[in-house]
Amino acid sequence: MNVAVYGRKVNKQTISCFERLFKVLQEYGWRLIVEAELKKQLDNKTVLPANTGVFKKHEDFHDGIDLMISMGGDGTFIESVGFIRDSNVPILGINTGRLGFLANISSDQIEAALFLVKEKQFEYQLRSLLRIHTEEDLFGEENFALNEVTFHKKDTSSMITVHATLEEKYLNSYWSDGLIIATPTGSTAYSLSCGGPIVTPGCKVHILTPIAPHNLNVRPMVVPDHMPIKIKVEGRERKQLISIDGKSKSIKQGTEVMIEKAEFMINVIKFEDNNFLDTIRNKMMWGIDKRN
């Protein structure tokens, strides 16, 4: 089996995690394939197996890679998805820091998690993505998001007006600091911090969450994910910001942006004793207050 590994940084705290991972892969006879920039860091800190391969772009995942392992946090996990895209390669997120929503396998569970993968004692949890379309093709081939698409004000303290249309029917004009369109995966990210609901993976919905709306009766809304969403932003400045999973571009005032469910999904490896509900309960510290 060919196993791709991606991580952002290798330091004193994480090098032992990488070395333990590589040791298990060697024991199982699985071939290691490392992202090019990560390999440069690892070469300076450890000895990689002789047959280690390298990947550089998402096209490499259509050529024999069987599993992707993300080593880091949720941000690293999202960057890993940028390599996987529509290849159907499953992904396992190992967290080298604090517990994450996506990378929710702790570093001390590396050996146990890979054993379960070897024994095929896991299931795939499908995660939907968003696809955006603009006339200027702002993001090129990277016009998809696992978490959210966000519209922000730029270079001003004044609010903006975000006009939203749902399946060619006018929904609302949000007078606010911005608007978030999130997937169920993104419901625990930026949308959550702005008062949006937590949605379990697998729900076929999108979430519209205004950022600091002027009118308090404007609330987050959950809509079916088969309905295309059209957005147009107006404000005092000539340009505003659009972000997809943290990558930002400027858009001209009045630019129409079409958002729809992407035509592919991501296969996330999940184990029976490590599910979304457990992660939510631990991450949100539910039950810590014994009075409950």
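One can find the structure itself at the top, above this paragraph.
None of these values were measured; they are calculated from a predicted model.

We now examine the sheet that holds strand β9 (residues 144-145). The antiparallel open sheet is built from six strands, whose spatial order is β9-β8-β19-β16-β11-β12. Two strands in the sheet have a free side with no partner beyond their single neighbour: β9 and β12 (169-176). Bridge count between strand β8 (residues 130-134) and β9: two bridges; the pairing is antiparallel. Across the sheet, the residue bridging to leucine 130 is alanine 145, located in β9.

Now for the packing of aromatic side chains. The geometry of two aromatic rings is summed up by the distance between their centres and the angle between their planes. With the rule as written, the count across this model stands at eight aromatic pairs. Seen from their ring centres, phenylalanine 18 and phenylalanine 22 are 6.1 Å apart, and the 45 degrees between their planes marks the pair as tilted. Taken together, the positions of phenylalanine 18 and phenylalanine 22, both in helix α1 (residues 15-27) and four residues apart, correspond to about one turn of that helix. Judged by relative accessible area, phenylalanine 18 falls into the buried class, the value being 1%. Measuring from ring centre to ring centre gives 5.1 Å for phenylalanine 55 and phenylalanine 61, while their planes differ by 80 degrees; the resulting arrangement is edge-to-face. On the basis of relative accessible area, phenylalanine 55 is assigned to the buried category, the value being 0%. Look at phenylalanine 61 and you get buried, because its relative accessible area is 3%. These aromatic residues form a ring-pair network of at least three members: Tyr6, Phe55, Phe61 and Phe83.

Spatially, β15-β14-β13-β10-β17-β18 is the arrangement adopted by the six strands of the open sheet, whose pairing is antiparallel. Taken across any chain shown, the strands that pair with only one partner, and hence form the sheet edges, are β15 (221-224) and β18 (247-252). The sheet shows a mean angle of 20 degrees between the axes of neighbouring strands, taken without regard to direction. In this structure, strand β17 (residues 239-244) lies alongside β18, joined through six bridges in antiparallel fashion. Counted as the bridge partner of lysine 239 is lysine 252 from β18.

As for its placement among the helices and strands, glycine 75 is situated in helix α3 (residues 74-84). Separated by 25 residues in sequence, glycine 75 and glycine 100 have C-alpha atoms that sit 9.4 Å apart.

Here we come to helix α6 (residues 276-283). Residues Phe276, Thr279 and Ile280 constitute the buried set of α6. Relative to the axis of α6, the buried residues are bounded by an arc of 100 degrees and lie together on one face. In this fold, the buried residues of α6 make contact with β7 (123-127). One or two positions beyond α6, positive phi appears at methionine 285, with a value near 60 degrees.

Further remarks concern the layout of surface pockets. The gaps of empty space that remain are located by a probe, the size of a water molecule, rolled over the atoms. Computed from the structure, the largest pocket encloses a volume of approximately 330 Å³. As for the largest pocket, its lining consists of 20 residues, of which Ile78, Glu79, Gly82, Asp245 and Lys247 are closest to the centre. Mapped by element, the contributors of at least two residues to the lining of the largest pocket are α3 and β9. Considering every element that reaches the lining of the largest pocket, the biggest residue donor is α3, with six residues. Classifying every residue of the lining of the largest pocket by side-chain character gives seven nonpolar, five polar and eight charged.

Closest axis-to-axis distance for the α1/helix α4 (residues 110-118) pair is 10 Å, and the angle between their directions is 30 degrees. Looking at the two axes, α1 sits roughly parallel to α4. Relative to α4, the crossing made by α1 is right-handed. The segment α1 lies against α4, with Cys17, Arg20, Leu21, Val24 and Leu25 engaging Ile110, Glu111 and Leu114. Of the residues belonging to the contact of α1 with α4, the class tally is six nonpolar, no polar and two charged.

Of the strand pairs in this sheet, strand β10 (residues 148-152) and β17 are connected by four bridges, and their pairing is antiparallel. Residue pairing for β17: threonine 150 is matched across the bridge by serine 243. In this structure, the hairpin formed by β17 and β18 is closed by a connection of two residues, where aspartate 245 is found at a positive phi of approximately 50 degrees.

Rules used throughout
- Residues numbered from 1 in each chain as written.
- Predicted model: local features only at pLDDT ≥ 70, side-chain atom pairs only at ≥ 80, totals over all residues.
- Heavy atoms only, no water.
- Pairing = 2+ DSSP bridges.
- Helix = DSSP H or I, 4+ residues; strand = E, 2+ residues; numbered from the N terminus.
- Phe/Tyr/Trp six-rings, centres within 6.5 Å; stacked < 30°, edge-to-face > 60°.
- Buried < 20%, exposed > 50% of the residue type's maximum accessible area, 1.4 Å probe, protein only.
- Axes fitted to C-alpha atoms, helices over the stretch in contact; angles between N-to-C directions.
- Arc of directions from axis to C-beta.
- Contact = heavy atoms within 4.5 Å.
- 1 Å grid on protein atoms, 1.4 Å probe; cavity = no way out; pocket = protein on both sides within 12 Å on 5 of 7 lines; lining within 4 Å.
- Points joined across faces, edges and corners; volume = space filled by probe spheres on them.
- Nonpolar A, V, L, I, M, F, W, Y, C, P; charged D, E, K, R; others polar.
- Parallel < 35°, antiparallel > 145°, perpendicular 65-115°, else oblique.
- Left-handed = near helix turned anticlockwise from the far one by under 90°.

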